[in-house]
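Structure at a glance
For reference, the chains in residue letters:
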Amino acid sequence: MLFSYNRNLPKSYTCLVHLLQNDPVSQLAGRISHSNFSCHFREGSVVYEHFGAPLHLVTQDEARFIIYAFKWDCLVEQLVLVRFKVIPRPPKYFILQKNISVSSPGKSSNMISKESVAIVAHAFSEVDCFVRVVDGRWPKYGEVKYDKYDDIIATNKRISCNLFLGNGLLYKHLPKHKNASKDYVSFSVEILDTLTGFYAHENVFLEIDLDFGKANHPPKFLFKKVPTFDVSISYDTPLIPIPLETRDNSTNSDEIIYNITEPMSKNAGYITFLHQKWQPILSFTQKQLIGYEIGYIPVGENLKYSQMTLVAIDNEGAVSAPFVVKFKITKSQPLIFTLNRGLVVLQGHKSLITKDRFMVSGNKESMCEIQKNVNGLIKIQGTNVTSFTPLDVDDYRVIYEHNGNSSSDTDIDITISSPDGVRRRETLHVTVIAPDISPPMITSGMELLKVTKGRSKPIRLKAVDESCSSEVLVYDIIEEPKLGKIVLGAAFQQRRIVNTFTQADIEQGRVHYFAKRAGEDTFQFIVKDCAAPIPNQLPDVGKTLAFHTKNSNRGNYSPAMDNIISTYSIRLNENDVKLISLHNNTNTGSKDLTYRLVRFLHRVDPLQASNDAGHLIRRPTSQHLISKNNDYQEVWQFTQKDIDEKLIYYIPPAEDIGRNPVNVQFIFDVKETNSVTNGGIFTITILPVDNKSPDAITNGGIFTITILPVDNKSPDAIINALEVDEGSSVLLSQSNLKITDLDSDISKITIRISKFPKHGNLTLKGKLFNSSSQWFSQSYISHLNLRYEHNGGEEDYDSFEFFLSDSINEKQYLMPINIEQIDDKKPHLVPNLKDALFLKEGGSVNITKDVLFVRDIDTLHANLWYYVSGTPQKGKIYKGESVVYTFSQEDIIQNLISYRHNNFEIGTSQDSEVVVFRVTDQAYSDVHHSDALYLNVTMNISPVDNKEPTINMGNEFTTDECAVESIGPDVLYAFDRDSDKASIGFVVTKMPIYGRLHFKGSPKNLTSFVLEDINNLIVVYSQTKCSGIEPKFDHFMFRATDGVNDSLEKKFPITIRPINDEIPVFEVRNETVIEGSFIEIGDSLLSAYDNDIPTDTITFKFTKPMHGMISPHSSNDANIEPISEVSLQSLKSLENRIWYVHDNSETTSDEYVIEMSDGSHIEMKKVYIKVIPVNDQSPINQRRTGISVKVNSSVVLTRDALYSRDLDSSPSNVIYIIEIYTKYGTLQKYSPYTKKWNDIPDSDGTFTQDDINRGHIRYENNIPQAKDHFRFQLSDRINTHRQEYTFEIRILSSDKSQLILVNNGIQVNIDTTVTIGSDVLLADDKGTTAASDIIFTISEQPKLGRLYHLKDSPSRGFQLKKFSVADLIERKIYYTQNKPANDSADNFK
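As the structure is a computational prediction, the values presented were derived from the model and not from experiment. (Residues numbered from 1 in each chain as written. Predicted model: local features only at pLDDT ≥ 70, side-chain atom pairs only at ≥ 80, totals over all residues. Heavy atoms only, no water.)

Across its full length, the protein chain carries 12 helices and 115 strands. Buried residues in the protein chain amount to 46% of all 1389 residues. Contacts in the protein chain between residues far apart in sequence, at least 24 positions, make up 70% of those at least 6 positions apart. As displayed, the protein chain offers around 70,500 Å² of accessible surface, 49% of which is attributable to carbon and sulfur atoms. (Helix = DSSP H or I, 4+ residues; strand = E, 2+ residues; numbered from the N terminus. Buried < 20%, exposed > 50% of the residue type's maximum accessible area, 1.4 Å probe, protein only. Contact = heavy atoms within 4.5 Å. Areas by Shrake-Rupley, 256 points an atom, 1.4 Å probe, with all protein chains shown as cover.)

Here F1102 is to be found in strand 92 (residues 1099–1102). Separated by 54 residues in the primary sequence, F1102 and M1156 have C-alpha atoms spaced 9.1 Å apart. In contact with F1102, other than residues within four places in its own chain, are I1110, I1123, S1124, E1125, V1126, I1138, Y1152, V1153 and I1154.

A word on the pairing of strand 77 (residues 933–942). Here 5 bridges tie strand 68 (residues 836–840) to strand 77, and the two strands are oriented parallel to one another. Bridge pairing in strand 77 links L837 to M939. Where strand 76 (residues 911–920) and strand 77 come together, 9 bridges link them in antiparallel fashion. Residue pairing in the sheet places V914 in a bridge with T938 of strand 77. (Pairing = 2+ DSSP bridges.)

Turning to the pattern of salt bridges, a few remarks are in order. Note on pairing: side chains with opposite charge can pair once their charged atoms come close. Counted under the stated rule, the structure contains 23 salt bridges. Across the pair E401 and K379 runs a salt bridge whose closest N-O atoms are separated by 3.3 Å. Pair noted here: E401 is in strand 34 (residues 398–402) and K379 is in strand 31 (residues 376–380), with a separation of 22 residues, a long-range link. Judged by relative accessible area, which is 22%, E401 ranks as partly exposed. Salt-bridge contacts for D1250 lead to R1254; the nearest nitrogen and oxygen are separated by 2.7 Å. (Salt bridge = Lys/Arg side-chain N within 4 Å of Asp/Glu carboxyl O.)

In this section: the side chain of N1261. Among the secondary structure elements, N1261 is positioned in strand 106 (residues 1257–1261). Of the residues examined, N1261 reaches a relative accessible area of 3% and is grouped as buried. There is a polar contact of 2.9 Å between the side chain of N1261 and the backbone nitrogen of N1192. Engagement of the side chain of N1261 in a polar contact is seen with the backbone oxygen of Y1224, the distance being 3.1 Å. With residues up to four places along the chain from it excluded, the contact list for N1261 reads V1189, K1190, V1191, N1192, S1193, Y1224, G1225 and I1291. (Polar contact = N/O pair within 3.5 Å; in protein donor to acceptor, adjacent residues only side chain to side chain.)

So, in structure tokens, the structure goes:
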């Protein structure tokens, strides 16, 4: 799987493999050589080494890896499971000759010595043999000790085989483990033949038989129902241990492993270690469960239920039945749900924080503030940040960048705050993956080596690399030796010259330096590791190993003669002894031949149950008869003379060999004096040189012995007690009764019940069996035909006795029966229990049997369990020093249970908390069992004033330069839950630099104040030093006190905002403009500058002139939008010019106001405009109502009767030119100089509007007529209005005439207004009454509209009641139609 993943991965990715180390079910029988390595690892660089565990315990092993592929800030990961099948192979060099056993608990075993264990070639001086007791999972129920010194043998310590087998080594059982039937000791054996260079390494397990133990059974879950855990989606929930606890008769409860076979669904959450919650787990130990290290981690928000399936595994690999666990998922308020699976980053690289690794749901406006981040930075779009939002994570904008300084994992502490005030702290774990960039290191073997000419010396270099095994650490020779050669060769192989070799070759003694000539010699080399695609290596200059060669005084060695193999065999019965007869095949006939065992006696079939192969002994010369039962000296070497004198005998095994023949062997070699051998050329020590050649091996052979069986043993039985529940039944199986007979066929064994059980019955094939004389075959046991049925009594033990027979021998046995009683009585409360406890804040109180205690006549105190319902909020329940959620009544009796307050401040008044305990005698029942009792205990907590006030610095305190600002509770606050607010005060220890503190309205500086002063906003800071200085910051130092406890000194920072305290200089000039013309508003008319540094933005606002506008164009266009505001900077720009444009009205002046502002100051100035008039308008008549005059009398013309106007001329220049003169009277003009009225001539007669305004024009009647008139034109001396106007004069007689009424009506459209004039409505009495004196009075208002006078606003709602004929003549009366018109006509009276 790893290589497949390697091939499919793009080369642009950096790919690394990480071994999961927190998985107890992995690597049970071996280990992986490296925990981190490249995906491109070289073949053989990563290896799995088997520990040699017993095959019946672990037949396969597994390891879990995570493959990480990095590219830029992206990560691809995959979980890979690799399984290893263990192929059976008996030990080759470590041979058990006699069982190691312990007879009773707490005792020691028989010696681990040459009599019980054989290590091949350990006794030969030419062979280096070493043994280590491996520090592993075994032994579990005892210790390996020295008998003489009672010292525990040190693990991983390398000792010689002779010392190992000769120092009285034994196994000491620990008495607390009474049920286990087997234990194991893990050994490592190393063999190096210094003559041949042969090297071997073997891991073996020595089996220890615990005769008193019981046969192993799979673990059993103690919970009788499917447990349901209440877990929260809002936070991580530890799993309560009791519903998952198991029982095993041989394995310590701490060592039981739980393996999750069916995990939760992908979105339902996962199980993990709470201290490493970023990584889901698939297995854990019961010790971790009991220690509350295992918890549930939620990953979704809308789940309600989930489940998983797990099994329990004991030390011997037995697996329980599957066990289902359910989860009820609830929500807690306030809710901030987080998913936190941590980050994985390549050392020195980046990692994108994605929502599948860190997610905050709920309110997306929450803020994630970084409190601690040691080895990296958090960035958003390349900018370092100290906070981010969940939306930033959802949008893939948040990146973690590792600084590369350390390859260790790191943590990022994050505080999550929601807008509604909920806070949660999360630790984002960062797993740092370090690539393999370090070269291997030479740790030993560089010392000067001395060697004799013509001899060789093994090279003992030692190189290590954390990422590579010794098989792939390669030595390359870059400069060869001059006086010798580097040769490579194993035992019995021809050596060859090499220029490259591995660390494994060195460790196996295969690499030698062969000296050809004497002198000083060296060679240089480099070491390369397994990194791919380019290995890391030591520097190219290499390392130098030196040799010193001396001349040899001995002759050269010649190769040894080939071995000549002979075969010998004998046959004997197992109760006999046999003389050994050997004859050599040499030509010398020498009696000095020496026979040496190169492999001790051993059984040819290694899979036989016993390793006992008998003994070779030397008969004492004084004794002529040999008995099998006597003790004799065992030999491993003897001579031809011993054979000829009939001193060497073979004695068969002491134990019965069974019913089948057994073949045993020993392998020997033969040496003859004065022969030449190739001895010592591979030794690591300098061999002595003399003229005598050592002995040479001349021949050897295999001696086979056949032993015939004798049936003289009774059948044996291994018995394990029956386990049965009260009132139930159980089948008798081979796990309870295992029958063996070494010298009989098992199928012929029969059984007879000699004594029947007292508290139950036996049934055979479903029928009651009560015959004590009937024999039946042992196959009834293997076929599960024999059953024990309990009678339901209250006894906890029963038994029956039986005989086993092989038709020749028989033996009696007892079958014990353990009856597990059923608890059918409910516990009940003891009366008069206390329901309240008292403790101080931060203290604790013991929960004694006066508070919690129940009675149950059929349940022990240790099996009465109390559960803490829910989670106490103000304290915790402790057992000793550990927080617990369950405990037994035995714990209460031993005074181990207490309630501890969590030391949170409770204020000044007593606080309390009700803790609910549930008690049941079903220790492993469901959490919601209906038989449970509930007890409420109130914990009353009294306050303690032991805390100093806590200072809360709120919002930043900011004030303007030269300003006075109150310090309020939003800026500075202190609270002390164990003191009243009135007692909290502040002491100023250092005054501010650029201002002063004082009470509002007080000139004195203050040195202390109370919290109430802050709340009342009477403590103020005045920024006084602001003239000629621009401070930006200030501060004062203070501490808080409650009168008893003082806080630490704290700094109160003050931020001073520079203000706009300089008023800009602002000047304007008045303007002159020709009527209808324009003038630019530039620097000559408007100027301003600001002395503030930096200068403020100055803006100008313009009010609208009465007779013009401020315009961006120099034209009087009605479509141009006038300018109301402009900045000084814009005004100075040539592209943004503004103008004053006159509206061509007949005015001589205008004005507008300019408001200047720099953001703080406002100043207004008025600009006066002189308008040079242009006479370009003609006079216009605006009023001529006529006059009434009596016969032969006169009347003065006023401006109310006749008025004309010229916008660009004065009244004295508005001239009336008479075109048609009056017929019945005379127009006269008053002369102020003569004081007389003079007639205006009827030819070219004129007068001015000023004459009328002054009352200098009158009409005098001299002929009685009804009316008179004159016609005129208007002129301003330059422009003449060509229209002629008629001025009517009514002549009144002395007699009154009857009024004549004219009413012509008027048409009006809906929702419109019309003028009612004299052409519509008129009243006249033939001129005898003036028009202003003829009055219309309205007696009935119109219904669909309203009448109003010109002087009244139409929207005011005023009703017109009277008007005159003059109002009609002057067209001042209006009618407006403003109501729904259902009729087509309206009227008024």
